[in-house]
Amino acid sequence: MIPEKKLIFELSKPGRVAYSLPESDVPEVDLKDVIPESMMRSKPAELPEVYEVDVIRHYTELSRRNFGIDNGFYPLGSCTMKYNPKINEDTARFPGFAKIHPHQPEESIQGALELLYTLQNDLAALTGMDQVTLQPAAGAHGEWTGLMMIRAYHESRGEKRSKVIVPDSSHGTNPASATTAGYETITIKSDERGLVDLDGLREAVGDDTAALMLTNPNTLGLFEQEIEEIAAIVHEAGGLLYYDGANSNAIMGITRPGDMGFDVVHLNLHKTMSTPHGGGGPGAGPVGVKSKLIPFLPKPIVSKYEDGTYYWDYDRPQSIGRVKAYYGNFGILVRAYTYMRTYGPDGLRRVSEVAVINANYMMHRLAPYFEVAYPGVCKHEFVLSGRKLKQYGVRTLDVAKRLLDFGYHPPTIYFPLNVEECIMIEPTETESKETLDDFIDTMIQIAKEAEENPELVINAPYDTVVKRLDETTAARKPVLNCTCG
Amino acid sequence: MKKHRYIPMTEQDQSDMLATIGAESVKDLFSDIPESIQYKGTLPMSEALSEAELLKHMSELAERNANFEQYPSFLGAGIYDHHIPVVINHMISRSEFYTAYTPYQPEISQGELQAIFEFQSYICELTDMKVANASMYDGATALAEAAALASGATRRKRIVVSKTVHPEAREILHTTAHGLNLEVVEVGISNGVTNLDELQTAINDETAAVLIQSPNFFGCIEDVRSIEPLVHEKKALLTLSVNPLSLGLLESPGKLGADIVVGDAQPLGIPAALGGPTCGFFAVTEKLMRRIPGRIVGQTTDTDGKRGFVLTLQAREQHIRREKATSNICSNQALLALCASIYMSTMGKSGIQEVAQLNLNKSHYAAQQFSKDSKLAFDAPFFNEFVVKLPEGSNVEEVNSKLIEKGYIGGFNLGKSYPELEGHMLLAVTERRTKDEIDGFIRELEDCI
Ligand SMILES: Cc1ncc(COP(=O)(O)O)c(C=O)c1O
């Protein structure tokens, strides 16, 4: 059995250090002379005392207990786990990008401003929007920013609209962002094709509709073919159309949200533009808008003077205000820009084509063994249902856990919520046919195991550092840190 | 077909795969997209560059920025030039960490989960709070989330915030408050700290939270011991925004009676990078545990009884609760939380105190060197940042432009955010600044005014 991994706090031994600080070359200040005792720390923080090798071995061992894209195939639907190019990591670490301050004089950061300005324009071109803000730190943050702009737009016209419509297949952040922007959420059912039910939509819209939030292709990997009609229904009711761009990897250079009729778009650069997900973040969620919403963009944006120099443009009286300190997750924007310049417009189109070919190929090969939730052509991802395996007592969760024994990161499971025993697979364009075939063969084998030897699947995984964990006790009797209580 | 180094599909692969699918061409796979909205032609975007060309282009852009290596920085205002121990970049460059998604599959994500659990432990230890989450976008958005939490917990709508709180954090608070229909009341300043009389008047029975930053935006340490009873007397929640590095020397927010503690972990080993990505932290009392926004990791055991870690208390989160979630946050700033954890592991119990003491030494030395007509604006105690009032008629922006020409990054122009502080400069002096740099900077500063 693989032994438990100690916490860094458990490695501590008084007297060890892992830091190196300079001697003070200015007079030592006696704390008591400058700070009243009531403001001084009464008891030092008990941080562990370790030396440098402890730090290196500890985090190296932790990294070995983690699975990233560089370790293997990661078909996590809705997350676009494509290869994270190494050049992006190098450029983001250039001192001219990593060691600069947001409040330096503008003339001393012209290179950074040019990069942001170009990225704003390139993302506007890609999405078919008129202007882009780079401030939001992630997709959900972009959603909220977009909805706040939609709110400001309606308010500027003297309209009070209180509802945001989302399909039942939408991501949880959509309704949660609507709440944060002060809206009530109306959830509409998808139809038997997995698409927006036009009649349901017609019933839901009204003069209280602020917006419809939609992902296209949607979270089932299906393109909303009636998007122009959907847009017309919402616009006729006086609402706006919000595009959740988490699924943009399917459509780059092929179709644009702006041309579909959307008014506001966010992109997840940590998906589509290959920036690493960092074990949970950081991301970047730029938001693009059509011209009628430009006045409401968060301030500042980056603009250009006639003489070709760049500046922070704060002169935006109708702006919704600021949404993020400074100017967004700049280090992520540098990576995304590097990526986009690696491909250029034709390359990005090819990215989407290959992502879609890969997904359709996998769907076709898996269809005889797993029920395809919505047969037909898919885009960059597709959804299976593991419901057939329930007769053997095997659930989708068990299939996912069994995949761990074969060295794969499992697909997204139990999302979207409107498909029973959901398995959502997104291969991305950076995987080879051989990788896909191996994974498919493994899935087929697990389907057979489920039928012939269900216990094998139900008790998986076997080869991981821990086995299945007790999540119920974790939530009932929370132990959330090792330092108190 | 143009070949690309990240795309393995050959022409043969493509035709084999299309045959399996039963499609004649790639176009068939996009037949569900109406003709009328298909994009024809090439998008008007920046062109592709080869690896070598791209590196050259990126270096050229980078070289047009004045960086801290070449220009000693005296600029703070929330983003600081601290020393970053070299081990941090080595460890966060392990791609098992940085190329992973959120740890949804705990059996193969124990490394990240344990790292987050340790981060939560570090934040609790530093702040003396009971519960910390896995991170927020930054300190400023964390403050706005604190206001939202307080409003939910107290069922009140009034947020009282001191004007000594970071101006950008207050801007975000105002944006957020508009969405949540909260009332924001700003309290004035006296001698660089929150005006306590005004504060007391502002807090009433409708007040959900009082937001205080200490050290505040001017670097001054707030008298939280006097503020705390004013807040709790009205059953409002005391939210403190703190610089985590200052907690090496300053009293912990938990001991000062805070209900919610937020801040930005940038001083803990995170590059400035034009202000992002950094890492917000968020800690609360036990009572508020189930209202905290964002991801949380908890300890548990596996089927063999072995210790392990999982994402927990998820019934608060958007993927379960949708419109009823405590926050809309999904992706956070995990990799930067890892930076902060490795920083704290490296500094340890004595390092965090020593580095804080060095900041204190340097800033107090610098504050004493002004000879001519510039003087300290406030006499409240400060940590590593302070405000200088330049001689009458000085234009801080012009001064900063001249300083850049002399090779220094000057301080924050306070007039930009506080009209009454026109001609005032906020200076940060970290442990990275040497005596020579401080002396040289002040000489040049005094020369150019
Ligand atoms: C469809 C969809 N929308 C929104 C989001 C939220 O994005 P983020 O995690 O960057 O906030 C996600 C990410 O999981 C998503 O898949």
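Rules behind the numbers
- Residues numbered from 1 in each chain as written.
- Chains lettered and ligands numbered in written order.
- Predicted model: local features only at pLDDT ≥ 70, side-chain atom pairs only at ≥ 80, totals over all residues.
- Heavy atoms only, no water.
- UniProt positions renumbered as here; feature names shortened; annotations may be inferred.
- Helix = DSSP H or I, 4+ residues; strand = E, 2+ residues; numbered from the N terminus.
- Contact = heavy atoms within 4.5 Å.
- Salt bridge = Lys/Arg side-chain N within 4 Å of Asp/Glu carboxyl O.
- Polar contact = N/O pair within 3.5 Å; in protein donor to acceptor, adjacent residues only side chain to side chain.
- Phe/Tyr/Trp six-rings, centres within 6.5 Å; stacked < 30°, edge-to-face > 60°.
- Lys NZ or Arg CZ within 6 Å of the ring centre and 35° of its normal.
- Domains from an automatic or database assignment.
- Buried area = accessible area lost by both parts, 1.4 Å probe.
- Nonpolar A, V, L, I, M, F, W, Y, C, P; charged D, E, K, R; others polar.
- 1 Å grid on protein atoms, 1.4 Å probe; cavity = no way out; pocket = protein on both sides within 12 Å on 5 of 7 lines; lining within 4 Å.
- Points joined across faces, edges and corners; volume = space filled by probe spheres on them.
- Buried < 20%, exposed > 50% of the residue type's maximum accessible area, 1.4 Å probe, protein only.
- Lys, Arg positive; Asp, Glu negative; His and termini not counted.
- Near = heavy atom within 4 Å.
- Expected span 1.5 Å × (residues − 1).

Chain B is annotated in an unreviewed UniProt entry as Probable glycine dehydrogenase (decarboxylating) subunit 1 from Chengkuizengella axinellae. Per UniProt, chain B has the following entry under Subunit (unreviewed entry): "The glycine cleavage system is composed of four proteins: P, T, L and H. In this organism, the P 'protein' is a heterodimer of two subunits." Entered under Function (unreviewed entry) in the UniProt record, the comment concerning chain B runs "The glycine cleavage system catalyzes the degradation of glycine. The P protein binds the alpha-amino group of glycine through its pyridoxal phosphate cofactor; CO(2) is released and the remaining methylamine moiety is then transferred to the lipoamide cofactor of the H protein."

Looking at an unreviewed UniProt entry, one finds chain A named Probable glycine dehydrogenase (decarboxylating) subunit 2 and attributed to Chengkuizengella axinellae. In its Subunit (unreviewed entry) section, the UniProt record describing chain A reads: "The glycine cleavage system is composed of four proteins: P, T, L and H. In this organism, the P 'protein' is a heterodimer of two subunits." According to its UniProt record, chain A has this under Catalytic activity (unreviewed entry): "N(6)-[(R)-lipoyl]-L-lysyl-[glycine-cleavage complex H protein] + glycine + H(+) = N(6)-[(R)-S(8)-aminomethyldihydrolipoyl]-L-lysyl-[glycine-cleavage complex H protein] + CO2".

Here we come to the UniProt feature "domain: Glycine cleavage system P-protein N-terminal" (unreviewed entry) in chain B. Residues annotated by UniProt as "domain: Glycine cleavage system P-protein N-terminal" (unreviewed entry) correspond here to residues 4-443 of chain B. Segment residues 4-443 of chain B splits into 36% helix and 14% strand. End C-alpha atoms: 54 Å apart.

This next bit is on the interface of chain A and chain B. The interface of chain A with chain B comprises 209 residues on the first partner and 185 residues on the second. Scanning the region where chain A abuts chain B turns up 13 salt bridges. Between B:Lys349 and A:Glu46 there is a salt bridge, with its nearest N and O atoms 3.3 Å apart. Linking chain A with chain B are 112 residue pairs in polar contact (both at pLDDT 80 or more), by the criterion used here. Here the side of chain A that touches chain B takes 27 residues from helix 11 (residues 330-366) of chain A, the largest share from any one element.

The next point concerns the packing of aromatic side chains. Scanning all chains against the criterion turns up 26 aromatic pairs over all chains. Between the aromatic rings of A:Tyr117 and A:Tyr310, the centroid separation amounts to 5.2 Å while the plane-to-plane angle is 55°, which identifies the pairing as tilted. One end of the pair, A:Tyr117, is in helix 5 (residues 110-127); the other, A:Tyr310, is in strand 9 (residues 310-313), and 193 residues separate them in sequence. Geometrically, the ring pair formed by B:Phe217 and B:Phe412 is edge-to-face, given 5.4 Å between the ring centres and 85° between the ring planes. Of the two residues, B:Phe217 is situated in the loop between strand 6 (207-213) and helix 9 (224-233) and B:Phe412 in strand 14 (residues 412-413); the sequence distance between them amounts to 195 residues. Among the aromatic side chains, those forming a connected cluster through ring pairs are B:Phe217, B:Phe218, B:Phe378, B:Phe412 and B:Tyr418. Taking NZ or CZ as reference, B:Arg433 lies 5.9 Å from the ring centre of B:Phe74, over its face.

Frequently, the measure chosen for interface size is the accessible area removed from exposure when the parts meet. Residue and element names in this part refer to chain B. Once the domains are mapped, chain B shows domain 1 (87-343) and domain 2 (348-447). Look at where the C-alpha atoms of domain 1 and domain 2 centre, and you get two points 28 Å apart. Carbon and sulfur atoms make up 70% of the surface buried where domain 1 meets domain 2, a total of about 1700 Å² over both sides. Taken together, domain 1 and domain 2 are joined by 4 residue pairs in polar contact (both at pLDDT 80 or more). Here the side of domain 1 that touches domain 2 is built from residues that sort into 13 nonpolar, 7 polar and 2 charged.

All names here are of chain B. According to the stated counting rule, one finds 13 cavities of 30 Å³ or more in the structure shown. Its volume calculated, the largest cavity comes out at about 360 Å³. Looking at the largest cavity, it is lined by 27 residues, and the ones nearest its centre are Gly-78, His-166, Gln-213, Ser-241 and Asp-264. For the lining of the largest cavity, the secondary structure elements donating two or more residues are helix 6 (139-154), strand 7 (237-242) and strand 8 (260-264). Here the residues of the lining of the largest cavity sort into 14 nonpolar, 10 polar and 3 charged. The residue makeup of the lining of the largest cavity includes at least three contributed by each of domain 1 (87-343) and domain 2 (348-447).

Let's shift gears to the side chain of B:Glu112. With respect to the element layout, B:Glu112 can be found in helix 5 (residues 110-127). Put simply, B:Glu112 is tucked away with no salt bridge, and the nearest opposite charge, on B:Arg295, sits 9.8 Å away. The contact partners of B:Glu112, leaving out residues within four places of it in the chain, are A:Asn66, A:Gly278, A:Gly279, B:Phe97, B:Pro103 and B:Ala334.

All right, on to the UniProt feature "modified residue: N6-(pyridoxal phosphate)lysine" (unreviewed entry) in chain A then. Annotation from UniProt places "modified residue: N6-(pyridoxal phosphate)lysine" (unreviewed entry) at A:Lys271. Relative to the helices and strands, A:Lys271 resides in the loop between strand 6 (264-267) and strand 7 (287-289). Since its relative accessible area comes to 7%, A:Lys271 is described here as buried. Sequence-distant contacts of A:Lys271, defined by excluding residues within four places in its chain, comprise A:Ser78, A:Cys79, A:Thr80, A:Lys82, A:Ala246 and B:Tyr101. Reaching out from A:Lys271, the side chain makes a polar contact with the backbone oxygen of A:Ser78 at a distance of 3.0 Å.

The next subject is the site of the ligand. In the neighbourhood of the ligand, 15 residues make up the surrounding shell, with A:Ser78, A:Asp244, A:His270, A:Lys271 and B:Ser331 lying closest. Bordering the ligand are residues originating from chains A and B. Contact distances for the ligand include 3.1 Å between an oxygen atom and a side-chain N or O atom of A:His171. Note that an oxygen atom of the ligand is positioned 3.4 Å from one of the side-chain N or O atoms of B:Tyr101. With 3 residues, the single largest contributor to the shell around the ligand is helix 6 (residues 139-156) of chain A.

We note that the domain assignment places domain 1 (8-64), domain 2 (87-342) and domain 3 (351-471) within chain A. Here the C-alpha centre of domain 3 of chain A lies 46 Å away from the C-alpha centre of domain 1 of chain A.

This brings us to helix 13 (residues 433-452) of chain A. In this model helix 13 of chain A runs 28 Å from its N-terminal to its C-terminal C-alpha over 20 residues, within 8% of the 28 Å that 1.5 Å per residue would give. Where helix 13 of chain A is buried, its residues touch helix 11, strand 11 (382-385), helix 12 (396-405), strand 13 (422-425) and helix 14 (454-458) of chain A together with helix 1 (11-21) of chain B.

When the UniProt feature table is mapped onto this chain numbering, "domain: Aminotransferase class V" (unreviewed entry) sits at residues 151-278 of chain A. For residues 151-278 of chain A, the end-to-end C-alpha separation is 32 Å, with 27% helix and 20% strand making up the annotated structure.

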